Protein chains: 2
Amino acid sequence: MPDTPPPPPTPRRSDATRTAILDAARERFAADGYERATIRAIAKDANIDPSMVMRYYGNKEGLFAAAVAVDLKLPDLGTVPRSDVGRALVAHFLDMWEDNEVLTALLRVGVTNQAGAERMQGIFRDQLLPVAQQVCPDPEQVPTRAALCATQVLGLALTRYVLRFPPATALVRQEIVAWLAPTIQRYLTAPSP
Amino acid sequence: MPDTPPPPPTPRRSDATRTAILDAARERFAADGYERATIRAIAKDANIDPSMVMRYYGNKEGLFAAAVAVDLKLPDLGTVPRSDVGRALVAHFLDMWEDNEVLTALLRVGVTNQAGAERMQGIFRDQLLPVAQQVCPDPEQVPTRAALCATQVLGLALTRYVLRFPPATALVRQEIVAWLAPTIQRYLTAPSP
DNA sequence: TACCGTTGCCAACAAGCGTTGACCAACACC
DNA sequence: GGTGTTGGTCAACGCTTGTTGGCAACGGTA
């Protein structure tokens, strides 16, 4: 359960309401994107008045910032056999995405909202780049190789969870891992073409 | 220059205005997505009154439908050496995307708008699937393999043209082709894993 | 009991949206 | 030269949005 940045030492009586708002916000942002996820709809989902959202989170951008806190929980690739990093990463991303509407929310918002796009850039920089650094041979190529991985992973998420291309939603977990793992493996470890 | 579905035999005096509207609409949809691209802003860009947009295109959805007409102009892969289809497709998509804001508009809108997503599904079905059919060994695997290609190509477009991850925008055409061509080649022609 | 901060609802605001209809100017045709 | 069609503007409509301030109920503390 994420909360506002400074976790209050004493639990407030309104904590239940606060998390209800965040849960509803995540759901709406994931389903509708930033513009169409209205504060009124979120408040109705949380069974409170829209003005409460403003009081607790300032404005709509503050609500989004509080609702969408992403930790990819990327594994330590130092402990994974070098030939398995592709498979490990693809499997991990699938696990994360399948039961995590925050990621879909962030993807939807990132496409139509500048703040959302910058948030995604930050996640890429702070979470994916360091992991890629553990595996890539040439440090100078780390950003390029990590970005290539991002194109494939985000492309899968886009096609499967947002655009819902029928053949992409029909794939089962094992197929995805089998097809994508060699791609990620090559982007990370193969000699540059 | 696209036009309303039945191309009028006699050119109308208002054709200049109509295409000005469509050009402005494409630009706004590409830059802002569906919700934030307002009819008022599009009309102002085209130097006409918002009501003209309504008269010529009915409503906002009609305007979007008229403005975003996508022809991927995919090459006939029958004439391409089988080992070069990956390279040919990646190069072609890059050519299309670099100077074509329609594709960015469609991608942005497809993420937040149901009609946009269905439009993209239609393009995938009507334009990419037939081409994949020319190359894939097993007809039953065509949708899967084409969808895999879509994940990689759309993922690149998303990361490079919409989210603008710095390392993805820094890539030059040759690098992208060199990295992505083997991926597409494998998704289309390699034995299924 | 009296007090005061917290929690919550209600009503309203200003702005922006898509959309409509009345109205004027320019052109084409008989 | 009148007349109907077309191209275009203006002002307004009904509605939704994010956001604000006032006011009532609650709960712990003194």
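All values reported here derive from a predicted model rather than from experimental measurement.

Description of the interface of chain B and chain A
(1) Moving on: Contacts between the two partners involve 43 residues from chain B and, on the opposite side, 45 residues from chain A.
(2) Moving on: When chain B packs against chain A, close to 3,900 Å² is buried across both sides, 72% of that on carbon and sulfur atoms.
(3) Moving on: Our count for the contact surface shared by chain B and chain A stands at two salt bridges.
(4) Moving on: The shortest N-O distance in the salt bridge between Arg 36 of chain A and Glu 35 of chain B comes to 3.6 Å.
(5) Moving on: Here chain B and chain A share 18 residue pairs in polar contact (both at pLDDT 80 or more) between them.
(6) Moving on: At the level of elements, helix H1 (15-36), helix H6 (101-112), helix H7 (114-135), helix H8 (142-162), helix H9 (166-170) and helix H10 (173-189) of chain B are the ones that each hand at least two residues to the side of chain B that touches chain A.
(7) Moving on: Counting residues per element, the side of chain B that touches chain A draws most heavily on H8 of chain B, at 14 residues.
(8) Moving on: In the side of chain B that touches chain A, the residues fall into 26 nonpolar, 11 polar and six charged.

Points about the confidence of the model for chain A
(1) Moving on: Mean pLDDT over chain A: 93, with 95% of residues reaching 70 or higher.
(2) Moving on: Below a pLDDT of 50 lies the segment residues 1-8 of chain A, which in the model reaches five contacts outside its immediate sequence neighbourhood of four places, other chains included.

Notes on the environment of Asn 59 of chain A
All names here are of chain A.
(1) Moving on: Its location among the elements puts Asn 59 in the loop between helix H3 (50-57) and helix H4 (60-67).
(2) Moving on: The spatial distance from the C-alpha of Asn 59 to the C-alpha of Ser 14 is 18 Å, given a sequence separation of 45 residues.
(3) Moving on: Of note is the side chain of Asn 59, whose polar atom sits 3.3 Å from the backbone nitrogen of Glu 61.

A look at unusual backbone geometry
Residue and element names in this part refer to chain B.
(1) Moving on: In this structure, Asn 47 takes a positive phi of about 60 degrees despite not being glycine.
(2) Moving on: With respect to the secondary-structure elements, Asn 47 resides in the loop between helix H2 (39-45) and helix H3 (50-57).
(3) Moving on: Residues other than glycine seldom take positive phi values, yet Arg 164 does so here, at roughly 55 degrees.
(4) Moving on: With respect to the helices, strands and loops of the structure, Arg 164 is situated in the loop between H8 and H9.

As for the protein's contact with DNA strand D
(1) Moving on: Taken together, 20 residues lie near DNA strand D, and Thr 38, Arg 40 and Lys 60 of chain A together with Ser 14 and Arg 55 of chain B sit nearest.
(2) Moving on: Of all atoms in DNA strand D that approach within 4 Å of the protein, 48% are sugar or phosphate atoms.
(3) Moving on: Contacts to DNA strand D include Lys 60 of chain A, whose backbone N or O atom sits 2.9 Å from a phosphate oxygen.
(4) Moving on: Here a phosphate oxygen of DNA strand D and a side-chain polar atom of Thr 17 of chain B are 3.0 Å apart.
(5) Moving on: Taken together, the elements giving at least two residues each to the surface near DNA strand D come down to helix H2 (39-45) and H3 of chain A together with H3 of chain B.

Comments concerning the relation of the copies chain B and chain A
(1) Moving on: Overlaying chain B with chain A gives an RMSD of 0.1 Å, the required rotation being 180 degrees about an axis along which the chain moves by 0.0 Å. The two molecules are tied by a two-fold rotation axis, judged by turn and shift. Distance from the rotation axis, computed per C-alpha, reaches its smallest value in chain B at Gly 155 of chain B: 1.7 Å.
(2) Moving on: A symmetric contact is evident, with 100% of the interface residues of chain B recurring at the interface of chain A.

Some words on the UniProt feature "domain: HTH tetR-type" (unreviewed entry) in chain A
(1) Moving on: Per the UniProt record, "domain: HTH tetR-type" (unreviewed entry) is annotated on residues 15-75 of chain A.
(2) Moving on: Helix makes up 74% of residues 15-75 of chain A and strand 0%, whereas the separation of the span's terminal C-alpha atoms amounts to 31 Å.

Concerning helix H4 (residues 60-67) of chain B
Residues and elements named next belong to chain B.
(1) Moving on: Buried within H4 are the following residues: Leu 63, Phe 64, Ala 66 and Ala 67. Taken around the axis of H4, the buried residues stretch over an arc of 165 degrees, which confines them to a single face.
(2) Moving on: Packing partners of the buried residues in H4 comprise H1, H2, H3, H6 and H7.
(3) Moving on: The N-terminus of H4 is capped by Asn 59, whose side-chain oxygen sits 3.3 Å from the backbone nitrogen of Glu 61.

Structural notes on the environment of Leu 156 of chain B
(1) Moving on: Take Leu 156 of chain B: it is sitting in helix H8.
(2) Moving on: With relative accessibility at 7%, the residue Leu 156 of chain B sits in the buried group.
(3) Moving on: Apart from residues no more than four positions distant in its own chain, Leu 156 of chain B is found in contact with Thr 151 of chain A together with Leu 94, Tyr 161, Ile 176 and Leu 180 of chain B.

Conventions used here
Residues numbered from 1 in each chain as written. Chains lettered and ligands numbered in written order. Predicted model: local features only at pLDDT ≥ 70, side-chain atom pairs only at ≥ 80, totals over all residues. Heavy atoms only, no water. Contact = heavy atoms within 4.5 Å. Buried area = accessible area lost by both parts, 1.4 Å probe. Salt bridge = Lys/Arg side-chain N within 4 Å of Asp/Glu carboxyl O. Polar contact = N/O pair within 3.5 Å; in protein donor to acceptor, adjacent residues only side chain to side chain. Helix = DSSP H or I, 4+ residues; strand = E, 2+ residues; numbered from the N terminus. Nonpolar A, V, L, I, M, F, W, Y, C, P; charged D, E, K, R; others polar. pLDDT = per-residue confidence, 0-100. Near = heavy atom within 4 Å. Least-squares fit on C-alpha atoms with pLDDT ≥ 70 in both. UniProt positions renumbered as here; feature names shortened; annotations may be inferred. Buried < 20%, exposed > 50% of the residue type's maximum accessible area, 1.4 Å probe, protein only. Arc of directions from axis to C-beta.

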